[in-house]
Amino acid sequence: MTVRWCVSHMLRKKLPLLQSFLLPVSRHVSHLARHQYDVIVVGGGHAGTEAGAAAARVGAETLLVTQKIHTIGALSCNPSLGGVGKGQLVKEVDALDGLCGRAGDWAGIHFSILNRRKGPAVWGPRAQLDRQRYREFIQSELLSTPRLTVLEGSVEELLITEPNPEEPGHHRVTGIRLANGSHSISARSVVLTTGTFLSGSLFVGQTTSPGGRIGDAPSSAGLSHMLREKLGLRIGRLRTGTPPRIVKDSVDLSLAKLHPPDSHPTPFSFLNSHTRCKPEEQLPCHLTFTTPGVERVVRESLHLNCHIQQDTKGPRYCPSIESRVLRFPGRNHQVWLEPEGVTSDLLYPQGLSMTMPPDMQLRLIREIPPMHRAEIHTPGYGVQYDFVCPTQLSPALQVKSTQGLFLAGQINGTTGYEEAAVQGLWAGVNAARWALSMPTVALSRTESYIGVLIDDLVSRGVTEPYRMFTSRAEFRTHLRPDNADLRLTLKGFEEVGCVSSLRHQETLRVRNSLQDALMALQTLTLSTANWRKKLPGIPISETKSTLMTGIDLLQYSDVTFEMLASAFPESLSPYVKFSQRLKIEAVYKPHCDLNKKEIERIQREENMSLPQDIDYFSLPVSLSQEVREILDRVRPSTLGAATRLEGITPAAVVNLLNYVRITEKNKETHRNQQPQKEREQELCANSASLPQ
Ligand code: FAD
């Protein structure tokens, strides 16, 4: 029996850390409390853990089945969380009461906000993590989640009903069957989160072996066969890779550039006012660069590197050193030397994913000055895996042709922990709602990065591993890391059911305080002369003689909320703890008001007709080639119809709306001028006929 260890859902109380891994329990699957669940989640990676926890929070009796309990929450590649675009996803998971933000605050050892040169909307909260602590936190949380049972085992097969004759091609999932045995467990819905494990193969040099990650077997072939053959799903293949892990003591970090963390670590979670790691306990990272010797080793080893010779698409934005060198020869590429944990003896060389033979890997790293005498602990390797083309999913992440089957994470063609986590959370929510006979729910592109990611996946699909960027979000000035709680927590509690009342209460308190503070700022309306008297030295031009509110003033880069609070302590000092949030709210207010108006305008203009003779390819407005092709192919008759087309972004709809409105206005002006012209011509003709 492959199932060795099952943790009862009775384990509700949070276990002391570590104790949870050391329970000497060895149980048979028949000891499971039940053989029927509302939801079964397959996989305990970043998608699976969020899915299991979210389904249970919504109220479903949930079973999470994963190959190895001790790898739950494992960081397969880099020990870090967040970053530009990805940090926004972590904040949104947290706003919906998910795990990864709090886990990041617990395990973070180097916190920094990336992209600070740009506006706060596109800042990227990021933390280097202690691998072990991260896993401990996630495992401890899962094992103490009410209504969630965790079971070690490998799922071999999905149980499905034959297609409904009234809906040909439509199956319904009814449960799972475990490998190496006949045990089946029923459920109303199943969430598959098999990551890089579906028909996974590992590559090092010329050696290929089956595996989903080093040390872990791939997902059983039966599952892949089932999805492809029985459910008729379109399956593709992608690849990724990871760098060798380096023995820390063998690296001369004095030859690399020190990269200290932020002096004040910013937590991911809205529930945390500080991180576990105190500023003085944070560990530094180091920056170094490749040399021409690195390029030489890459070229010399190409014929020994089967991963790199294959056509399968890898992550464009996290490429291997082989791809970097071949695409951009002659450059010195950045390599970050990052700690793997507080007590870890290893360094993670970010930027050096590689799949050449291990002896060549050693030669390569020793071409980089701080690593002249470095030792490799574990060689880098590549993995290729099957993914399901995500256009076959609904916005609830449910397979359109199989009722009750949901997919999340790398199985949908994404890359990265954060991308997996948001999908897991949302698939878990919907699987639970489906199982409990509640309507599924969707998030829009205008309210969240989660909505952007899911819409991109299900409407456009993927041709290479998908990762999040802020540029993918049309309304990014509104979708900021600082306001994810206001955007999502209230909805998560009131409409979705995945947020605890504790978090809901806290968010209400914050929202009310922010609203009160903004109101107080708005009512502080003074002439510019009076503002200058109150706050000598503020950068308002002396010639400006208009009235200004506190919000207007806060939009100036040199004005802080603290300055205003010191001038008006009675009305503003209660809100000083929200200084940064208020400053950001004020700065983005004009953009957000405009965005809001545009969204409302689109909703109002739903029935506006689109001329059928538009040449979409020559429209003088900003539309991507992809959008032009879709519009040209479908030729929607109204703006509303265009909005609902797969692949049409809200920004494209706004541009289309503006174009049609301006053209209509021009035509109208032309029409109005027409009778005038005709009258003038008539007058001319009449006067010409008059005697001179
Ligand atoms: P995973 O974290 O892979 O988890 C899948 C889980 O499913 C595992 O727990 C597994 O045991 C379980 N499972 C699988 N099949 C079954 C089954 N049949 N029954 C029961 N349990 C099952 N991301 C980046 O952003 N950048 C990178 O450079 C990068 N490099 C990577 C390199 C490697 C070698 C690997 C392995 C991953 C890399 N990743 C990278 C990807 C990152 O690890 C994933 O994006 C992320 O872990 C995906 O989360 P997930 O939950 O979808 O899947």
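Rules used throughout
- Residues numbered from 1 in each chain as written.
- Predicted model: local features only at pLDDT ≥ 70, side-chain atom pairs only at ≥ 80, totals over all residues.
- Heavy atoms only, no water.
- Helix = DSSP H or I, 4+ residues; strand = E, 2+ residues; numbered from the N terminus.
- Rg over C-alpha atoms; globule rule 2.2 N^0.38 Å.
- Buried < 20%, exposed > 50% of the residue type's maximum accessible area, 1.4 Å probe, protein only.
- Areas by Shrake-Rupley, 256 points an atom, 1.4 Å probe, with all protein chains shown as cover.
- Near = heavy atom within 4 Å.
- Polar contact = N/O pair within 3.5 Å; in protein donor to acceptor, adjacent residues only side chain to side chain.
- Nonpolar A, V, L, I, M, F, W, Y, C, P; charged D, E, K, R; others polar.
- Phe/Tyr/Trp six-rings, centres within 6.5 Å; stacked < 30°, edge-to-face > 60°.
- Domains from an automatic or database assignment.
- Arc of directions from axis to C-beta.
- Contact = heavy atoms within 4.5 Å.
- Axes fitted to C-alpha atoms, helices over the stretch in contact; angles between N-to-C directions.
- Parallel < 35°, antiparallel > 145°, perpendicular 65-115°, else oblique.
- Left-handed = near helix turned anticlockwise from the far one by under 90°.
- Salt bridge = Lys/Arg side-chain N within 4 Å of Asp/Glu carboxyl O.
- Pairing = 2+ DSSP bridges.
- Core = buried A, V, L, I, M, F, W, Y, C linked by side-chain atoms within 4.5 Å.
- pLDDT = per-residue confidence, 0-100.

**Q** Which parts of the structure should I look at to understand the overall build of the protein chain?
**A** Looking only at helices and strands, the protein chain has 22 helices and 24 strands in total. The C-alpha radius of gyration computed for the protein chain amounts to 29 Å, which stays within 12% of the reference 26 Å derived for 692 residues, consistent with globular compactness. Classification of the 692 residues of the protein chain by burial places 56% in the buried group. Working note: accessible area of the protein chain is about 30000 Å², and carbon and sulfur atoms make up 53% of it.

**Q** When you look at the site of the ligand in this model, what are you seeing that I'm missing?
**A** The environment of the ligand is formed by 35 residues, the closest being A47, Q67, S219, Q410 and G416. Measuring from an oxygen atom of the ligand, one finds a backbone N or O atom of G44 at 3.3 Å. Within the backbone of V155, one N or O atom sits 2.9 Å away from a nitrogen atom of the ligand. Considering the ligand on its own, with 980 Å² of exposed area, one finds that the protein chains cover 98% of that surface. It is strand β13 (residues 235-242) that contributes the most residues to the shell around the ligand, three residues altogether. Considered class by class, the residues forming the shell around the ligand number 12 nonpolar, 22 polar and one charged.

**Q** Please explain helix α3 (residues 86-95) as it appears in this structure.
**A** An α-helix turns once every 3.6 residues. As a result, residues three or four positions apart point the same way. In terms of residue burial, α3 counts as a mostly covered element, since 10 of its 10 residues are buried. Phi for D97, located one or two positions after α3, is positive at around 75°.

**Q** Even after reading the chapter, I still don't get the packing of aromatic side chains, so can you show me in this structure?
**A** The description of an aromatic ring pair rests on the distance of the ring centres and on the angle between the ring planes. In total, this model carries three aromatic pairs according to the counting rule given. Ring centres of F111 and F268 lie 6.4 Å apart, and the angle between their planes is 55°; this geometry places the pair in the tilted category. You can see F111 sitting in strand β5 (residues 108-114) and its partner F268 sitting in the loop between β15 (257-259) and β16 (285-289), a full 157 residues away along the chain. Like F268, F111 is buried. Seen from their ring centres, W531 and F568 are 5.7 Å apart, and the 80° between their planes marks the pair as edge-to-face.

**Q** Explanation requested: the domain arrangement of the protein chain in the structure shown.
**A** Reports often express the size of an interface as the amount of accessible area lost when the parts come together. Split by domain assignment, the protein chain resolves into domain 1 (245-268 + 278-384), domain 2 (515-597) and domain 3 (608-688). Taking the mean C-alpha position of each, domain 1 and domain 3 sit 53 Å from one another.

**Q** What is the right way to read helix α10 (residues 358-365) from this model?
**A** Residues M360, Q361, L364 and I365 constitute the buried set of α10. Considered in projection along α10, the buried side chains sweep an arc of 135° and stay on one side of the axis. Considering only its buried residues, α10 is in contact with β11 (201-204), β14 (245-247), α7 (292-301), α9 (321-327) and β19 (376-378).

**Q** Please explain the packing of helix α14 (residues 501-523) against helix α19 (residues 579-604) as it appears in this structure.
**A** Angle between the axes and distance between the axes: these two values describe a pair of packed helices. Axis separation between α14 and α19 bottoms out at 11 Å; the angle between their running directions is 60°. Here α14 lies oblique to α19, going by the angle between them. Crossing angle aside, the handedness with which α14 passes α19 is right-handed. Of the residues in α19, those touching α14 at V510, L514, A517 and L518 are R581, L582 and E585.

**Q** Just to check I follow, could you spell out the pattern of salt bridges for this structure?
**A** Close approach of charged atoms lets side chains of opposite charge pair. Under the criterion given, the structure shown has 34 salt bridges. Taking the shortest distance from any N to any O, the salt bridge between E585 and R480 comes out at 3.3 Å. Remark: R480 occurs in the loop between α12 (449-460) and α13 (484-496) and E585 occurs in helix α19; sequence separation between them is 105 residues. Each of R445, D455, D456, R460 and E474 takes part in a single network of salt bridges with overlapping partners.

**Q** I'm lost on the side chain of Q392 in this one. Help?
**A** Examined against the element boundaries, Q392 turns out to sit in the loop between β20 (381-388) and β21 (402-403). Look at Q392 and you get buried, because its relative accessible area is 11%. Excluding anything up to four places from it in sequence, Q392 contacts G232, L233, R234, Q398, V399 and K400.

**Q** Looking at this model, I keep getting lost on the environment of P319. Mind explaining?
**A** Note that P319 resides in the loop between α8 (306-309) and α9. Along the backbone, P319 and L352 are 33 residues apart, and their C-alpha atoms lie at a distance of 8.6 Å. Ignoring any residue separated from it by four or fewer positions in sequence, one finds P319 in contact with R324 and S353.

**Q** Any chance you could explain the sheet that holds strand β6 (residues 124-129) here in plain terms?
**A** Each strand in a sheet pairs with its neighbour through backbone hydrogen bonds, running either in the same direction (parallel) or in the opposite one (antiparallel). Taking strand neighbours across the sheet as the criterion, the three strands line up as β4-β6-β5 in an open arrangement whose pairing is antiparallel. Edge positions in the sheet fall to β4 (80-82) and β5, since each has one partner strand and no second. Across the sheet, the mean angle separating the axes of adjacent strands is 20° when strand polarity is ignored. Here six bridges tie β5 to β6, and the two strands are oriented antiparallel to one another. Within β6, the position partnered with L114 by the bridge is G124.

**Q** What is the right way to look at the nonpolar core in this model?
**A** Generally speaking, a soluble globular protein has its nonpolar side chains buried in company with each other. Core analysis: the largest hydrophobic core is formed by 110 residues, its most contacted members being I40, L158, I176, L227 and L405. Looking at which element gives the most residues to this core, the answer is helix α11 (residues 417-435), with 11 residues. Setting aside chain neighbours within four positions, we find L227 in contact with L158, L192, L198, G232, L233, I235, V388, L405 and I411.

**Q** In this structure, what is going on with the sheet that holds β16? I would like to understand it.
**A** Ordered in space as β15-β16-β17-β18-β14-β19, the six strands form an open sheet in which the pairing is antiparallel. Where the open sheet ends on each side, the last strands, each with one partner, are β15 and β19. Each strand of the sheet is rotated relative to its neighbour by a mean of 35°, with strand direction disregarded. Note: β14 against β19, two bridges, orientation antiparallel. Residue pairing across strands places R245 opposite T378, the latter belonging to β19.

**Q** Got a minute to help me understand unusual backbone geometry in this structure?
**A** Most of the time, phi is negative for any residue but glycine, and the peptide bond is trans. If you check the backbone angles, S199 has positive phi at about 50° while not being a glycine. Here S199 shows up in the loop between β10 (184-192) and β11. Residue S199 is classed as partly exposed on the basis of its relative accessible area, which comes to 25%.

**Q** What's the story with the pairing of β10 in this structure? I'm lost.
**A** Remember that side chains alternate between the two faces of the sheet whenever the strand is regular. Taken together, the six bridges between strand β2 (residues 36-42) and β10 define a ladder with parallel strand orientation. Residue V42 lies in a different strand from β10, and its bridge partner there is L192. When strand β9 (residues 171-178) meets β10, the two strands line up antiparallel, connected through three bridges. Bridge pairing in β10 places R177 opposite S184.

**Q** Can you walk me through the confidence of the model for the protein chain in this structure?
**A** Detailed conclusions should not be drawn from predicted coordinates in areas where pLDDT is low. Considering every residue of the protein chain, the mean pLDDT works out to 88; 90% of them sit at 70 or more. Segment residues 1-30: pLDDT under 50, and 66 contacts once partners within four positions in sequence are set aside and those in other chains are kept. With pLDDT under 50 throughout, residues 686-692 is counted as low confidence; its partners more than four residues away or in other chains account for one contact.

**Q** I keep staring at the packing of helix α2 (residues 46-58) against α11 and nothing clicks. Help me out?
**A** Taken N-terminus to C-terminus, the directions of α2 and α11 make an angle of 30°; their axes are 7 Å apart at the nearest point. Considered as vectors, α2 and α11 are oriented roughly parallel to each other. In this structure, the crossing between α2 and α11 has a hand that is right-handed. Here α2 contributes H46, A47, E50, A51, A54, A55, R57 and V58 to the contact with α11, which in turn contributes Y417, A420, A421, G424, L425, G428, V429, A432 and R433.

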